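So you can see what is in the structure, the chains are spelled out below.
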Amino acid sequence: MAMNDSVNILNSAYLAVEYIDSFLPDNPLQQPFKNAWNYMLDNYTKFQIATWGSLIVHEVSYFLICVPGFIFQFIPYMQKYKIQQDKPETWEKQWKCFKTLLFNHFFIQLPLICGTYYFTEYFNIPYGWEEMPRWYVLVAQCFGCAVIEDAWHYFLHRLLHHKRIYKYIHKVHHEFVSPFGMQAEYAHPLETLILGTGFFIGIVVFCNHVVLLWAWVICRLMETIDVHSGYDVPLNPLHLVPFYAGARFHDFHHMNFIGNYASTFTWWDRIFGTDSQFIAYQEKEKKKQCITKKKAD
């Protein structure tokens, strides 16, 4: 009975969104995107699309999303939004991070990406334009992938902080007490595999078109680079996502090493009380700000 009610609710929600979508104006980018997509299908094999296309989407997205945070360090006005203002980025740290990223991307992640084609063939996942899901279905699927990945990340990330194994794997990622965007995928190769598994679970559950692979890659990179950016910038559109953790939440994890283990949302840390130190820290900071404001007045 409960299952039928849930299905009915989802179907009703889907029909409501579809009805609203029918009143929206045509997307001016849809036709150019359709032309580009069909050109890709006509000129490249599925293996090339799934493998090299996925690599290009990941690399271009990763470093483009990192650009704003990289530029912020050179803009004095933006320093008021830096969370740990006493720990500026250095060229030495960024260069070290970049070299490790290249190794992880091409020697750890690329072999995994090479399996994308075989994954799509095994599960008979379509590539065609006509089979591509509507935008609101894609958004819902990406959100579902994020919920699954967040749960996986919370429990496996917390396990990697266990005193018996922390120094062997996860300590690499914590070399930077004050994180910056490019550091999001700076990790031990084993951590890349362990925590990265959560990314693929949602794909297995929801994937009904190859475009979801790329959409989810972009969404996940936007999230993880944002929370590692080191800047809490106002009007960040990601803050509109319900229960979104954000940069301050994860920045505290790097600063404190304990608590705030989830990747995207706050609910797991709230349920298990692993955000208690973060909450206490926020209250302490608010009191400091109040005292400073009273002295200034």
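Our subject in this report is the structure included herewith.

Cut-off values and rules
- Residues numbered from 1 in each chain as written.
- Predicted model: local features only at pLDDT ≥ 70, side-chain atom pairs only at ≥ 80, totals over all residues.
- Heavy atoms only, no water.
- Phe/Tyr/Trp six-rings, centres within 6.5 Å; stacked < 30°, edge-to-face > 60°.
- Helix = DSSP H or I, 4+ residues; strand = E, 2+ residues; numbered from the N terminus.
- Buried < 20%, exposed > 50% of the residue type's maximum accessible area, 1.4 Å probe, protein only.
- Expected span 1.5 Å × (residues − 1).
- Contact = heavy atoms within 4.5 Å.
- Salt bridge = Lys/Arg side-chain N within 4 Å of Asp/Glu carboxyl O.
- 1 Å grid on protein atoms, 1.4 Å probe; cavity = no way out; pocket = protein on both sides within 12 Å on 5 of 7 lines; lining within 4 Å.
- Points joined across faces, edges and corners; volume = space filled by probe spheres on them.
- Nonpolar A, V, L, I, M, F, W, Y, C, P; charged D, E, K, R; others polar.
- Axes fitted to C-alpha atoms, helices over the stretch in contact; angles between N-to-C directions.
- Parallel < 35°, antiparallel > 145°, perpendicular 65-115°, else oblique.
- Left-handed = near helix turned anticlockwise from the far one by under 90°.
- Polar contact = N/O pair within 3.5 Å; in protein donor to acceptor, adjacent residues only side chain to side chain.
- Core = buried A, V, L, I, M, F, W, Y, C linked by side-chain atoms within 4.5 Å.

**Here's the deal with the packing of aromatic side chains**
For step 1, the next point in the chain: Scanning all chains against the criterion turns up 35 aromatic pairs.
For step 2, the next point in the chain: Plain terms: the ring middles of Trp 95 and Phe 98 are 5.9 Å apart, the flat faces sit at 25° to each other, and that makes the pair stacked. In this pair, Trp 95 and Phe 98 are both assigned in helix 4 (residues 91–113), three residues apart and thus about one turn of the helix distant.
For step 3, the next point in the chain: Classification of Trp 95 by relative accessible area gives exposed; the value is 51%.
For step 4, the next point in the chain: Ring centres of Phe 155 and Trp 268 lie 5.2 Å apart, and the angle between their planes is 70°; on these two criteria the pair is classed as edge-to-face.

**Considering helix 7 (residues 189–206)**
For step 1, the next point in the chain: If you check helix 7, its first and last C-alpha atoms are 27 Å apart, about what 18 residues at 1.5 Å a residue would give, namely 26 Å.
For step 2, the next point in the chain: Listed as buried for helix 7 are Glu 191, Thr 192, Leu 195, Gly 198, Phe 199, Gly 202 and Ile 203.
For step 3, the next point in the chain: Looking at the buried residues of helix 7, the elements they touch are helix 4, helix 5 (116–122), helix 6 (135–160) and helix 8 (210–227).

**A word on the pattern of salt bridges**
For step 1, the next point in the chain: The final tally for this structure, using the stated rule, is nine salt bridges.
For step 2, the next point in the chain: When the shortest N-O distance is used, the salt bridge between Lys 87 and Asp 86 registers 3.3 Å.
For step 3, the next point in the chain: With relative accessibility at 59%, the residue Asp 86 sits in the exposed group.
For step 4, the next point in the chain: A salt bridge links Glu 285 to Lys 288; the shortest N-O distance between them is 3.8 Å. You can see Glu 285 and its partner Lys 288 sitting in helix 11 (residues 276–296), three residues apart, about one turn around the helix.
For step 5, the next point in the chain: Note on Glu 285: relative accessible area 25%, which makes it partly exposed.
For step 6, the next point in the chain: A relative accessible area of 43% places Lys 288 in the partly exposed class.
For step 7, the next point in the chain: Linked through salt bridges whose partners overlap, the residues forming this network are Glu 149, Arg 220 and Glu 223.

**Structural notes on unusual backbone geometry**
In terms of backbone geometry, most residues other than glycine have negative phi values and most peptide bonds are trans.
For step 1, the next point in the chain: The residue Leu 235 is not glycine, and still its phi comes out positive at about 65°.
For step 2, the next point in the chain: For Leu 235, the position within the fold is in the loop between helix 8 and helix 9 (246–256).
For step 3, the next point in the chain: Assessed through its relative accessible area of 84%, Leu 235 is described here as exposed.
For step 4, the next point in the chain: One non-glycine residue, Asn 260, lies in positive phi territory at about 50°.
For step 5, the next point in the chain: By the secondary structure assignment, Asn 260 is in the loop between helix 9 and helix 10 (267–272).

**Here's the deal with the layout of surface pockets**
For step 1, the next point in the chain: Roughly 850 Å³ of volume is contained in the largest pocket.
For step 2, the next point in the chain: Looking at the largest pocket, it is lined by 35 residues, and the ones nearest its centre are Gln 109, Glu 185, Gly 196, Phe 199 and Phe 200.
For step 3, the next point in the chain: The set of elements that each furnish at least two residues to the lining of the largest pocket consists of helix 3 (46–72), helix 4, helix 5, helix 6, helix 7 and helix 8.
For step 4, the next point in the chain: Class assignment of the residues belonging to the lining of the largest pocket gives a composition of 15 nonpolar, 15 polar and five charged.

**A look at the packing of helix 3 against helix 4**
For step 1, the next point in the chain: At a closest axis distance of 11 Å, the pairing of helix 3 and helix 4 adopts a crossing angle of 160°. Between helix 3 and helix 4, the angle is such that the two are roughly antiparallel. Considering the relative orientation of helix 3 and helix 4, their crossing is right-handed. Across the interface between the two elements, Ala 50, Thr 51, Trp 52, Ser 54, Leu 55, His 58, Glu 59, Tyr 62, Phe 63 and Phe 70 of helix 3 pack against Trp 91, Gln 94, Phe 98, Leu 101, His 105, Phe 106, Gln 109, Leu 110 and Ile 113 of helix 4.

**So, the side chain of Ser 54**
For step 1, the next point in the chain: Relative to the helices and strands, Ser 54 is located in helix 3.
For step 2, the next point in the chain: Of note is the side chain of Ser 54, whose polar atom sits 2.9 Å from the side chain of Trp 214.
For step 3, the next point in the chain: When near neighbours in sequence (up to four residues on either side) are disregarded, Ser 54 contacts Ile 49, Ile 113, Thr 116 and Trp 214.

**Looking at empty space enclosed by the protein**
For step 1, the next point in the chain: This structure, assessed with the given rule, holds one cavity of 30 Å³ or more.
For step 2, the next point in the chain: There is about 40 Å³ of room inside the largest cavity.
For step 3, the next point in the chain: Taken together, Lys 82, Lys 87, Pro 88, Glu 89, Lys 93, Ser 178, Pro 179 and Phe 180 form the lining of the largest cavity.
For step 4, the next point in the chain: Taken together, the residues of the lining of the largest cavity break down into three nonpolar, one polar and four charged.

**Brief notes about the nonpolar core**
For step 1, the next point in the chain: One finds Trp 37, Tyr 62, Cys 97, Met 182, Ile 203, Trp 214 and Trp 216 to be the most contacted residues of the largest nonpolar core, which totals 37 residues.
For step 2, the next point in the chain: With ten residues, helix 8 is the largest single contributor of residues to this core.
For step 3, the next point in the chain: The residues touching Trp 37, leaving out its near neighbours within four places in the chain, are Tyr 127, Gly 128, Trp 129, Met 132, His 209, Val 210, Val 211 and Trp 214.

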